[in-house]
There are 2 protein chains.
Amino acid sequence: MTKIENVAVVGGTHGNEFSGIYLLKKWQASPQLLAKSNLTINTLFANPKSFEENKRYIDCDLNRQFTLPDLVNNTLANYEQSRAKVINAELGPKGGAKTDFIIDLHNTTSNMGPTLILLKSDDFNKKMGAYVLSVMPQAIIVFEDQVSMHDHTFLASIADQGVIVEIGPQPQSVIRQDVLDWMDTMTHAILDFVVMYNKSELPALPASYTAYKYVETIALPQNQQGERMGMVHKNVQDQDFKALNKGDPIFTLFDGSEITYQGDYQAYPHFINEAAYYDNNLAMSLGEKITVTL
Amino acid sequence: MTKIENVAVVGGTHGNEFSGIYLLKKWQASPQLLAKSNLTINTLFANPKSFEENKRYIDCDLNRQFTLPDLVNNTLANYEQSRAKVINAELGPKGGAKTDFIIDLHNTTSNMGPTLILLKSDDFNKKMGAYVLSVMPQAIIVFEDQVSMHDHTFLASIADQGVIVEIGPQPQSVIRQDVLDWMDTMTHAILDFVVMYNKSELPALPASYTAYKYVETIALPQNQQGERMGMVHKNVQDQDFKALNKGDPIFTLFDGSEITYQGDYQAYPHFINEAAYYDNNLAMSLGEKITVTL
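Since this is a predicted model, take the numbers as computed values, not measurements.

Conventions and cut-offs
Residues numbered from 1 in each chain as written. Chains lettered and ligands numbered in written order. Predicted model: local features only at pLDDT ≥ 70, side-chain atom pairs only at ≥ 80, totals over all residues. Helix = DSSP H or I, 4+ residues; strand = E, 2+ residues; numbered from the N terminus. Rg over C-alpha atoms; globule rule 2.2 N^0.38 Å. Buried ≥ 20, exposed ≤ 12 C-beta atoms within 10 Å, placed from the backbone. Contact = placed C-beta atoms within 7 Å. Least-squares fit on C-alpha atoms with pLDDT ≥ 70 in both. Pairing = 2+ DSSP bridges. Axes fitted to C-alpha atoms, helices over the stretch in contact; angles between N-to-C directions. Left-handed = near helix turned anticlockwise from the far one by under 90°. Nonpolar A, V, L, I, M, F, W, Y, C, P; charged D, E, K, R; others polar. Expected span 1.5 Å × (residues − 1). Domains from an automatic or database assignment. Right-handed = clockwise from strand over helix to strand, strands pointing away. pLDDT = per-residue confidence, 0-100.

### Here we look at the overall build of chain A
Alright, step 1. In terms of regular secondary structure, chain A is built from six helices and twelve strands.
Alright, step 2. The globule rule puts the C-alpha radius of gyration for 294 residues at 19 Å, and the 19 Å found for chain A is close to it.
Alright, step 3. Viewed in the frame of its principal axes, chain A has a C-alpha envelope of about 60 × 50 × 35 Å.
Alright, step 4. Sorting the 294 residues of chain A into buried and exposed places 47% on the buried side.
Alright, step 5. Taking contacts inside chain A between residues at least 6 apart in sequence as the whole, the part at least 24 apart equals 71%.

See below:
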């Protein structure tokens, strides 16, 4: 891997996730607060119109518009599809990007705490997880490396290296200080890591650590007319990254009956009851617990 | 007070407050689940279009449209202003309503738990608070009786008696089972109370109880350009109905400095960091603790 020189810190990819937007305002007003030696750090407000309208998006989810075929498809021309092309021109282009590393700042309504989502499981990302955990022991590391960067739909996949900082619980369109402080701390930890990784001057890191690996996203129960029939079970609500075993209740139907988890693996739910998931009638993501060895 | 015969249970006054909407769906499908002896109970979905669009409102806050002058002002003709007139015709008209009592079901993103907001402090309402507390000890009773029903802007003020069930914390556009269950329980407690109050057959109630009385709503800090400069202090976040004393930190500015509470009374904040308040740059409401005697 070549040295990382050009970094982009992106906020407001979703207009109602306020932590990144307000941190960006602060850093844009006082760039020295974000500066690190030997890094060129640019900030980008990805979806300003959705922030003005206080919505996740205007036409479609911006953070699903970054596959190569979509980026070069000029018939995809709504607001977010257009923003994706502009951002790709500014930070990319994907496949040969002028930006070496992207940090994309997000909030969730789920009780995920300070979560770092890594899109690759190479040496750089595995060590980043270990370093962030050493600075923030309460952090959670999730690998979404089920597809290559080339095939990822995320904004952070424009560059050869990119991560998503995902912090909650925070209702949409709210600023919580605890969540803002976590995002600030995690962003600095990531940038400090990059500086040290570039110079091969990392502190001692543990030989292994616990993390989670994305497996699947599951739907809320619906009837045959496609109407929502139930909700996340109260035993699962807020229990992000707690084990869910076969037979555990997972949904409560509005008629009071319960549905149990029938998967064949011990699942670690996250994005539990995320508000933005309702658009697609999704209930939560499931992951597996893994041990990452350095 | 005349006997209460006609009751309206209203949900979806705000389209992204899901508990009332989903309870209404359940009760409309199975009216026997809500039935009480000697009461005629109607249900009303107040703002269906805002639910379809997954927003609090389309044009303006429906729950601020129910003063008499506004209800008779035909130049006020946007969606919510029109809905207010239709609802007033259906449940009212205000000042001589065919509905004796309205229960309006709301959610908040604030950590208010199961809160019952009473709009009058007469015998009926004071005893209702005592009865609800006897059934739900974790409930909070708030009096917003600073103006008369005539002058209230709330939907529940159409009838001579009306209350607001206000339950959180729940992000906008999410269904939490704990919150749904609280709302279901509180609605039934209120209806059971009405049945017993009508027959003068209330159980023994305590001679007094603790409640809160609305005093004021305070703004988030802004600079001279009207831009938000800060957020609710982390010590105050989630501490609804916990005492705030002069000198306690109340806001953190984005530059890290703190603003302290300088009021001349011991305040009990609620609706702390409510997402819907951001439209008007409001931070929280403040109340005083009171003792209600029966």
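There's more to say after this.
### Quick word on the interface of chain A and chain B
For interface size, the figure often reported is the accessible area lost on association.
Alright, step 1. Of the residues lining the interface, 21 residues belong to chain A; the matching set on chain B comes to 21 residues.
Alright, step 2. Listing elements by their share of the side of chain A that touches chain B, those giving two or more residues are α1 (18-29), α6 (177-198) and β8 (230-232) of chain A.

### Quick look at the environment of B:Met231
Alright, step 1. Its place among the elements puts B:Met231 in strand β8 (residues 230-232).
Alright, step 2. Separated by 27 residues in sequence, B:Met231 and B:Glu258 have C-alpha atoms that sit 9.7 Å apart.
Alright, step 3. If we ignore the near neighbours within four places in the chain, the residues touching B:Met231 are A:Ile175, A:Gln177, B:Phe251 and B:Thr252.

### Regarding the relation of the copies chain A and chain B
Think of it as a corkscrew move, a rotation about one axis and a shift along it, taking one chain copy to the other.
Alright, step 1. Least-squares fitting of chain A to chain B yields an RMSD of 0.0 Å, with the superposition described by an axial translation of 0.0 Å and a rotation of 180°. Considering both components of the superposition, the chain copies are consistent with a two-fold axis. The rotation axis passes nearest to the C-alpha of A:Pro171 in chain A, at a distance of 2.3 Å.

### Here we look at the pairing of strand β9 (residues 249-253) of chain B
All names here are of chain B.
Alright, step 1. Examined bridge by bridge, β8 and β9 share three bridges and lie antiparallel to one another. Across the sheet, the residue bridging to Val-232 is Phe-251, located in β9.
Alright, step 2. Where β9 and strand β10 (residues 258-260) come together, three bridges link them in antiparallel fashion. Counted as the bridge partner of Phe-251 is Ile-259 from β10.
Alright, step 3. Hairpin connection from β9 to β10: four residues lie between these consecutive antiparallel strands, with Gly-256 at a positive phi of about 100°.

### So, the packing of helix α1 (residues 18-29) of chain B against helix α6 (residues 177-198) of chain B
Each pair of packed helices can be described by the angle between their axes along with the distance between the axes.
Residues and elements named next belong to chain B.
Alright, step 1. Taken N-terminus to C-terminus, the directions of α1 and α6 make an angle of 65°; their axes are 9 Å apart at the nearest point. The chirality of how α1 crosses α6 is right-handed. Of α6, the residues touching α1 (which contributes Ser-19, Gly-20, Tyr-22 and Leu-23) are Val-179, Leu-180, Met-183 and Asp-184.
Alright, step 2. Of the residues assigned to the contact of α1 with α6, the class counts are five nonpolar, two polar and one charged.

### As for the sheet that holds β9(B)
Residue and element names in this part refer to chain B.
Alright, step 1. Strand order in this open sheet of three strands is β8-β9-β10, and the pairing throughout is antiparallel. Where the open sheet ends on each side, the last strands, each with one partner, are β8 and β10. Mean inter-strand twist for the sheet, computed between neighbouring axes without regard to direction, equals 30°.

### Regarding α6(B)
Residue and element names in this part refer to chain B.
Alright, step 1. Under the 1.5 Å per step criterion, the end-to-end length of α6 is 32 Å for 22 residues, consistent within 8% with the ideal 32 Å.
Alright, step 2. Of the residues making up α6, those classed as buried are Val-179, Leu-180, Trp-182, Met-183, Asp-184, Met-186, Thr-187, Ala-189, Ile-190, Leu-191, Phe-193 and Val-194.
Alright, step 3. Buried residues along α6 sit in contact with β1 (6-11), α1, β3 (101-107), β4 (113-118), α5 (123-135) and β6 (161-168).
Alright, step 4. Among the residues trailing α6, Ser-200 stands out with phi positive, at a value near 50°.

### So, the domain arrangement of chain A
Residue and element names in this part refer to chain A.
Alright, step 1. Domain boundaries assigned for chain A yield domain 1 (6-206) and domain 2 (210-293).
Alright, step 2. Inter-centroid distance (C-alpha atoms) of domain 1 to domain 2 is 25 Å.
Alright, step 3. The interface of domain 1 with domain 2 comprises 15 residues on the first partner and 16 residues on the second.
Alright, step 4. Among the elements of the structure, α5 (123-135) and β5 (140-143) are those that each provide at least two residues to the side of domain 1 that touches domain 2.
Alright, step 5. Looking at which element gives the most residues to the side of domain 1 that touches domain 2, the answer is β5, with four residues.

### Digging into the pairing of strand β2 (residues 40-45) of chain A
Residues and elements named next belong to chain A.
Alright, step 1. Relative to β2, strand β1 (residues 6-11) is paired through six bridges, and the arrangement is parallel. Bridge assignment links Asn-6 to a residue of β2, and that residue is Thr-40.
Alright, step 2. In this view, the connection linking β1 to its parallel neighbour β2 by way of α1 has right-handed handedness.

### Things to note about the sheet that holds β4(B)
Residues and elements named next belong to chain B.
Alright, step 1. Strand order in the open sheet formed by nine strands is β2-β1-β3-β6-β4-β5-β7-β12-β11, and the pairing between neighbours is mixed. Strands at the two margins of the open sheet, each flanked by one partner only, are β2 (40-45) and β11 (268-270). Here the average twist between neighbouring strands, direction ignored, is 30°.
Alright, step 2. Sitting on the sheet, α5 is in contact with β4, β5 (140-143), β6, β7 (208-219) and β12 (282-293), with an inclination near 165° to β4.
Alright, step 3. Packed on one face of the sheet, α6 meets β1, β3, β4 and β6 and runs near 160° to β6.

### Looking at unusual backbone geometry
Alright, step 1. Note the cis peptide between A:Gly92 and A:Pro93, where omega equals 5°.
Alright, step 2. The residue A:Pro93 is located in the loop between α4 (79-91) and β3 (101-107) in this model.
Alright, step 3. Going from B:Gly168 to B:Pro169, the amide bond is cis rather than trans, its omega being 10°.
Alright, step 4. Within the secondary structure, B:Pro169 sits in the loop between β6 and α6.
Alright, step 5. Its identity is not glycine, yet A:Asn54 carries a phi of approximately 55°, on the positive side.
Alright, step 6. Structurally, the position occupied by A:Asn54 is in the loop between α2 (48-52) and α3 (68-71).
Alright, step 7. When the 16 C-beta atoms within 10 Å are taken as the criterion, A:Asn54 is described as partly exposed.
Alright, step 8. Positive phi outside glycine occurs at B:Asp238, with the angle close to 75°.
Alright, step 9. If you trace the backbone, B:Asp238 turns up in the loop between β8 and β9.
Alright, step 10. Looking at B:Asp238, the number of C-beta atoms within 10 Å reads 16, which means it is partly exposed.

### With respect to the confidence of the model for chain A
Alright, step 1. Averaged over all residues, the pLDDT of chain A equals 97, while 100% of them reach at least 70.
Alright, step 2. Across the whole predicted complex the pTM is 0.95, and at the interface the ipTM reaches 0.93.

### Description of the environment of A:Ile175
Alright, step 1. On the secondary structure map, A:Ile175 appears in the loop between β6 (161-168) and α6.
Alright, step 2. Classification of A:Ile175 by C-beta neighbours within 10 Å gives buried; the count is 24.
Alright, step 3. Expressed as a C-alpha distance, the spacing of A:Ile175 and A:Gly20, which sit 155 residues apart in the sequence, is 9.8 Å.
Alright, step 4. Aside from chain neighbours lying at most four places away, what touches A:Ile175 is A:Phe18, A:Ser19, A:Tyr22, A:Leu180 and B:Met231.

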